[in-house]
Amino acid sequence: MLLLSARFEPAEGVRRRPPLSPCFQVAIAAVWMAALGLAVEVLRPNWAGVGHGLATGAVHAGLIAIGWLVATAATPGWRGPVLRLAAGALLAAMAGRVTAWGPLAFLLVPAVLIRETRGLPSMRAIGLNGARPIQLVTGLAAGGSLGLHLLLTASLTFGYRVHASAAAYAGAVAYDVGANVLSAEWLFRGALFTACWRRSSFWPAALGTTSLSVVRYLLDPALPPAAEARAGAIFYLGLVGLVACALRAWSGSLLPGYLTGLAFFAAYRTLTP
């Protein structure tokens, strides 16, 4: 508990004000591109979901780009990495609408992110480094436990069943690996949590950034509109976020929390109403 109430004081942590203007520019660009994608989806429904792919890619590209800007304080030369990361997310999302196995292209996004962040001290400060095996196992176990609890609750209480085709399940997990969980950990538990923890203490930073991540999921059109689905999202994703923050504080790395999110969503993807 002392760890969770301590101030953020790593040697490489530098107090820098997050760049509001570049973040605002990126957010506006992402919103416009997502709106364009939704418009294409409505006006050209026979385009095999290209508009949906564009909107999805724009959202995750925006989240990853804003995370980069906050983590690096928009140091000179930020446009190149941001554009390459955004292009990777967009292309993967578009590929996911072409064929059943297209979403596997999302697996390339983490590789692009690792390549762009290599050798940057600011990335180590937000947790982009390794962790001990026990910390990784703890992250997997925490996410798996929450996922198992979700499966039992949804199947016994709300009549959901556990079923998924191989292609659909593989595509959904790849989407989590390269977009859904990746962008959440990168922005909310990496850049924003680190910036908030550096200026206050663990609990305000964890509660604030977890609330933002839950709002992001509640605004996701892919979330079922049923009341129990939204209530479950608030409960489970709130717990996933807080656990990920605690693992980030314990390990100094984003990897355990990333594995927590992947394990949870790997269980969630098997549910069918």
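As shown above, the structure is provided for reference.
Residues numbered from 1 in each chain as written. Predicted model: local features only at pLDDT ≥ 70, side-chain atom pairs only at ≥ 80, totals over all residues. Heavy atoms only, no water.

Caption draft 1: Structural view of the overall build of the chain. For the chain, the count of helices and strands is 11 helices and two strands. Put simply, the chain runs from its N terminus to its C terminus through helices and strands in the order α-α-α-α-α-α-α-β-α-α-α-α-β. Its C-alpha atoms give the chain a radius of gyration of 18 Å, within 12% of the compact-globule value 19 Å for 273 residues. With the principal axes as the frame, the chain shows a C-alpha extent of 50 × 45 × 30 Å. Across the 273 residues in the chain, those meeting the buried criterion constitute 48%. Long-range pairs, those at least 24 residues apart, make up 79% of the contacts in the chain between residues at least 6 apart in sequence. (Helix = DSSP H or I, 4+ residues; strand = E, 2+ residues; numbered from the N terminus. Rg over C-alpha atoms; globule rule 2.2 N^0.38 Å. Buried < 20%, exposed > 50% of the residue type's maximum accessible area, 1.4 Å probe, protein only. Contact = heavy atoms within 4.5 Å.)

Caption draft 2: The environment of Arg198, seen in detail. Looking at where Arg198 falls in the secondary structure, it is placed in helix 8 (residues 166-199). Sequence-wise, Arg198 and Gly80 are 118 residues apart; in three dimensions their C-alpha atoms are separated by 27 Å.

Caption draft 3: Just the pattern of salt bridges, in detail. Under the defined criterion, the tally for this structure stands at five salt bridges. Notably, a salt bridge pairs Glu116 with Arg115, separated by 3.6 Å at the nearest N-O pair. In this structure Arg115 comes out as exposed when scored by relative accessible area, which is 58%. (Salt bridge = Lys/Arg side-chain N within 4 Å of Asp/Glu carboxyl O.)

Caption draft 4: Seen up close, the packing of aromatic side chains. Summed over all chains, the structure comprises 11 aromatic pairs. Centroid distance Phe193 to Trp197: 5.3 Å. Interplanar angle 35 degrees. Geometry classified as tilted. Residue Phe193 and its partner Trp197 are located together in helix 8, separated by four residues, close to a single helical turn. Arranged with centres 5.9 Å apart and planes meeting at 90 degrees, the rings of Phe265 and Tyr268 form a pair that is edge-to-face. In this pair, Phe265 and Tyr268 both sit in helix 11 (residues 255-268), three residues apart, roughly one turn of the helix. Through a chain of ring-to-ring contacts, three or more aromatic side chains come together here, namely Tyr217, Phe235, Tyr236, Phe264, Phe265 and Tyr268. Between the NZ or CZ atom of Arg216 and the centre of the ring of Tyr217, over which it lies, the distance is 4.3 Å. (Phe/Tyr/Trp six-rings, centres within 6.5 Å; stacked < 30°, edge-to-face > 60°. Lys NZ or Arg CZ within 6 Å of the ring centre and 35° of its normal.)

Caption draft 5: Fine view of the packing of helix 7 (residues 133-157) against helix 10 (residues 227-251). Where helix 7 contacts helix 10, the two axes come as close as 11 Å, and the packing angle between them is 170 degrees. The angle between helix 7 and helix 10 places the two elements in the roughly antiparallel class. Seen from helix 7, the contacting residues are Ile134, Gln135, Thr138, Gly139, Ala142, Leu146, His149, Leu150 and Thr153; seen from helix 10, they are Tyr236, Leu239, Val240, Val243, Leu247, Trp250 and Ser251. Among the residues making up the contact of helix 7 with helix 10, the classes are represented as 10 nonpolar, six polar and no charged. (Axes fitted to C-alpha atoms, helices over the stretch in contact; angles between N-to-C directions. Parallel < 35°, antiparallel > 145°, perpendicular 65-115°, else oblique. Nonpolar A, V, L, I, M, F, W, Y, C, P; charged D, E, K, R; others polar.)

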